[in-house]
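Descriptive structure summary
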Amino acid sequence: MRIAWGPEYELGILVIDQQHKRIVDYINALDRLAGEPDAYLGIARILYDLVDYTESHFSFEEALMERAGYKELDDHHHVHRQFTLRIESLLRSNEQGEDVAESLLQLLEKWLLHHILEEDRAYTDQVRNFINSIGRERLGGWVNENVRKHFRVS
Ligand SMILES: [Fe+2]
């Protein structure tokens, strides 16, 4: 295992932390694929999952920031968009037979250390205040509704 998820990566917002854990899962999966003869297929699977992940997690996170009245939402959205474009570009390169494993690993590790630990942390206080202000019961309703809206939940 390349990275073990631990409290140092948590923002203290359970629903977001659970989603962020997936980045660590992808990093470890990529690490396991290194040097495998059929790595291309595994990497393609991870990239397709990441396209889905970025759409669902980012829109959920942005909805939460918006609901909490976070002022830096536009800048944060822009950073999300840049990451999405980078993933899409790696997906195309992988489809063209390029070995993108190392670039993807670096991108995800940088994302974990810089985006999740710094840029996401910047909204944490405000989002937590919002969560505390509306109470657990209403938050549960909001989370349920928005998980359904942004993730493919059957
Ligand atoms: Fe984010």
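Everything discussed here concerns the structure shown above.
Description of the structure in this document. (Residues numbered from 1 in each chain as written. Predicted model: local features only at pLDDT ≥ 70, side-chain atom pairs only at ≥ 80, totals over all residues. Heavy atoms only, no water.)

1. Some remarks on the overall build of the chain
Helix and strand content of the chain: 5 helices and 0 strands. Listed N to C, the secondary structure of the chain is α-α-α-α-α in terms of helices and strands. Computed over the C-alpha atoms, the radius of gyration of the chain is 16 Å, within 12% of the 15 Å expected from 2.2 N^0.38 for a compact globule of 154 residues. In the chain, which comprises 154 residues, the proportion classed as buried is 47%. (Helix = DSSP H or I, 4+ residues; strand = E, 2+ residues; numbered from the N terminus. Rg over C-alpha atoms; globule rule 2.2 N^0.38 Å. Buried < 20%, exposed > 50% of the residue type's maximum accessible area, 1.4 Å probe, protein only.)

2. Remarks on the packing of helix α2 (residues 39-67) against helix α5 (residues 121-150)
Two quantities define a packed helix pair, namely the angle between the helix axes and the distance between the axes. In contact at an axis separation of 9 Å, α2 and α5 are set at 130 degrees when each is read in the N-to-C sense. What the angle tells us is that α2 and α5 run oblique. For the crossing formed where α2 meets α5, the hand is right-handed. Two secondary-structure elements touch here, α2 through S56, S59, F60, E61, A63, L64, M65 and R67 and α5 through Y123, V127, F130, R138, W142, V143, N146, V147 and H150. (Axes fitted to C-alpha atoms, helices over the stretch in contact; angles between N-to-C directions. Parallel < 35°, antiparallel > 145°, perpendicular 65-115°, else oblique. Left-handed = near helix turned anticlockwise from the far one by under 90°. Contact = heavy atoms within 4.5 Å.)

3. What about the layout of surface pockets?
Here the largest pocket is characterised by a volume of approximately 320 Å³. Forming the boundary of the largest pocket are G12, I13, L14, V15, R128, I131, N132, G135, R136, L139, G140 and V143. Secondary-structure elements contributing two or more residues to the lining of the largest pocket are α1 (14-33) and α5. Of all the elements, α5 adds the most residues to the lining of the largest pocket, at 8 residues. By residue class, the composition of the lining of the largest pocket is 6 nonpolar, 4 polar and 2 charged. Taken as a whole, the second largest pocket encloses approximately 180 Å³ of empty space. Lining the second largest pocket we find V79, Q82, F83, R86, L107, K110, W111, H114, H115 and E119. Going through the elements one at a time, α3 (73-95) and α4 (101-119) are the ones with two or more residues in the lining of the second largest pocket. No other element matches the 6 residues that α4 contributes to the lining of the second largest pocket. Considered class by class, the residues forming the lining of the second largest pocket number 4 nonpolar, 3 polar and 3 charged. (1 Å grid on protein atoms, 1.4 Å probe; cavity = no way out; pocket = protein on both sides within 12 Å on 5 of 7 lines; lining within 4 Å. Points joined across faces, edges and corners; volume = space filled by probe spheres on them. Nonpolar A, V, L, I, M, F, W, Y, C, P; charged D, E, K, R; others polar.)

4. Some points on the pattern of salt bridges
Under the defined criterion, the tally for this structure stands at 3 salt bridges. With a closest N to O distance of 2.6 Å, R2 and E109 form a salt bridge. Here R2, found in the segment before α1, pairs with E109, found in helix α4; they are 107 residues apart in sequence, far enough to count as distant. Residue D125 pairs with R128 through a salt bridge whose shortest N-O separation is 3.9 Å. Of this pair, D125 and R128 are both found in helix α5, 3 residues apart, which corresponds to roughly one turn of the helix. Looking at D125, the relative accessible area reads 54%, which means it is exposed. (Salt bridge = Lys/Arg side-chain N within 4 Å of Asp/Glu carboxyl O.)

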